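# Report on the structure
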Amino acid sequence: MQPRHFISLLDISSSEFRRLINRAIELKKHRDPDYQPLKGQVLGMIFEKSSTRTRISFEAGMAHFGGNAIFLSPRDTQLGRGEPIEDSAKVISSMVDCIMLRTFNHETVTTFAKHASVPVINGLTDEQHPCQLLADMQTYFEYRGEIQGKTVTWIGDGNNMCHSYIHAATVLDFNLNIAAPHAYLPSKIIADAAGNRVRFFDDAIAAAKNADLIVTDVWASMGQEEEQKQRCLAFKDYQVNADIMKTAHQDAVFMHCLPAHRGEEVSAEVIDGSQSLIFAEAENRLHSQKALMEFLLCHQ
Ligand code: CP
Ligand code: NVA
């Protein structure tokens, strides 16, 4: 039987997403050191890009659950010397119980999962970042409750985070306003599949009207460092600042997956202000991924 993977938010149903959120909230409230459902199990973590939050949250989560995590970088493994993904997937999954992969091409994760005999988790690709959405949605539910029917506004690059927000809008049924420069819109295929839940705006202020949650991300993602200058120019009218927050609902909250560049995609005033939930959001990576690993490894 094929193991259950978590490559995209579209891999889980709406009720499974809600179950994960509730379980994450529960795990955060009551940490029982005797509860070790993954005792003796091993998570292999392959990072082809840098990470602070993803690495620490998966590693700490495994430790809390009685298991172990192994950090694998292409620099020190045969992955970096061109060993085929298919072979690597078969070999690594014959030795560990779950694999988390952060890489560039989304197809690398889908190919890896196809050949793995254990659950594979997408820890970020150029196309998607589904684990971050588990944490973001947990945070929204904790601070504001149900998100169905609410309006989320994405301002900035139509990147991996934006794509996962589009998927979340589909699974959890909220409206998503996207304000991005024309050259940096999200994938048309991903946006079209979400139907009329997703609306596009040229103007960031117009997109923020009636928003319950305002989200942004860096203008240049990992791998796009050389485009930084050109992107700073293209995105200059797409900063989340006090004017944007004033346009949204009074009780709107602000999120950012971090790391952030204050003064670029978000003003310091907003990210460090009272509506910002960035640190709860970062902490929730730990709780939501514990819920995810329990779901993939204990309940299938
Ligand atoms: N938000 C996020 O994925 O952070 P890291 O790159 O530090 O893992
Ligand atoms: N869009 C960012 C997210 C980092 C967590 C990147 O891919 O670099």
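Report on the accompanying structure. (Residues numbered from 1 in each chain as written. Chains lettered and ligands numbered in written order. Predicted model: local features only at pLDDT ≥ 70, side-chain atom pairs only at ≥ 80, totals over all residues. Heavy atoms only, no water.)

## A short note on the site of ligand 1
Residues in contact with ligand 1, as listed here, are Ser51, Thr52, Arg53, Thr54, Arg102, His129, Gln132, Cys257, Leu258 and Arg285. Here His129 contributes a side-chain N or O atom positioned 2.9 Å from an oxygen atom of ligand 1. The side chain of Gln132 places a nitrogen or oxygen atom 3.0 Å from a nitrogen atom of ligand 1. Coverage of ligand 1 by the protein chains reaches 95% of its 260 Å² of free accessible surface. (Near = heavy atom within 4 Å. Polar contact = N/O pair within 3.5 Å; in protein donor to acceptor, adjacent residues only side chain to side chain. Areas by Shrake-Rupley, 256 points an atom, 1.4 Å probe, with all protein chains shown as cover.)

## Quick look at the packing of helix α5 (residues 130-144) against helix α6 (residues 160-172)
Across the interface, α5 lies against α6 with an axial gap of 9 Å and an inter-helix angle of 55°. Considering their axes alone, α5 and α6 lie oblique with respect to each other. α6 is crossed by α5, and the crossing has right-handed handedness. Every residue of α6 that contacts α5 at Pro130, Gln132, Leu133, Asp136, Met137 and Phe141 is listed here: Met161, Ser164, Tyr165, Ala168 and Leu172. Broken down by class, the residue content of the contact of α5 with α6 amounts to eight nonpolar, two polar and one charged. (Axes fitted to C-alpha atoms, helices over the stretch in contact; angles between N-to-C directions. Helix = DSSP H or I, 4+ residues; strand = E, 2+ residues; numbered from the N terminus. Parallel < 35°, antiparallel > 145°, perpendicular 65-115°, else oblique. Left-handed = near helix turned anticlockwise from the far one by under 90°. Contact = heavy atoms within 4.5 Å. Nonpolar A, V, L, I, M, F, W, Y, C, P; charged D, E, K, R; others polar.)

## Observations concerning the side chain of Gln128
Assignment of secondary structure puts Gln128 in the loop between β4 (120-122) and α5. By relative accessible area, Gln128 is classed as buried at 3%. At 3.2 Å, the side chain of Gln128 forms a polar contact with the side chain of Ser8. A distance of 3.4 Å separates polar atoms of two side chains, one belonging to Gln128 and the other to His106. Among all residues touching Gln128, those that are not within four sequence positions of it are Ile7, Ser8, Leu9, His106, Asn122, Asn160, Ser164 and His167. (Buried < 20%, exposed > 50% of the residue type's maximum accessible area, 1.4 Å probe, protein only.)

## Section: the pairing of strand β6 (residues 175-179)
For β6, the tally of buried residues reaches four of five residues, placing the bulk of the element in the interior. Looking at chain direction, strand β5 (residues 151-155) and β6 are connected through five bridges and run parallel. Residue pairing in the sheet places Val152 in a bridge with Leu176 of β6. Remark: the β5/α6/β6 crossover connection has right-handed handedness. For the handedness criterion, the β-α-β arrangement of β6, helix α7 (residues 188-193) and strand β7 (residues 198-201) is classed as right-handed. (Pairing = 2+ DSSP bridges. Right-handed = clockwise from strand over helix to strand, strands pointing away.)

## A word on α5
Between its first and last C-alpha atoms α5 spans 21 Å; for 15 residues at 1.5 Å apiece the expected length is 21 Å, and the two agree. Burial analysis of α5 places twelve of its 15 residues in the buried class, which makes it a mostly covered element. Those residues of α5 that sit buried are Pro130, Cys131, Gln132, Leu133, Leu134, Ala135, Asp136, Met137, Gln138, Thr139, Tyr140 and Phe141. Immediately downstream of α5, the backbone of Gly145 shows phi near 85°, a positive value. (Expected span 1.5 Å × (residues − 1).)

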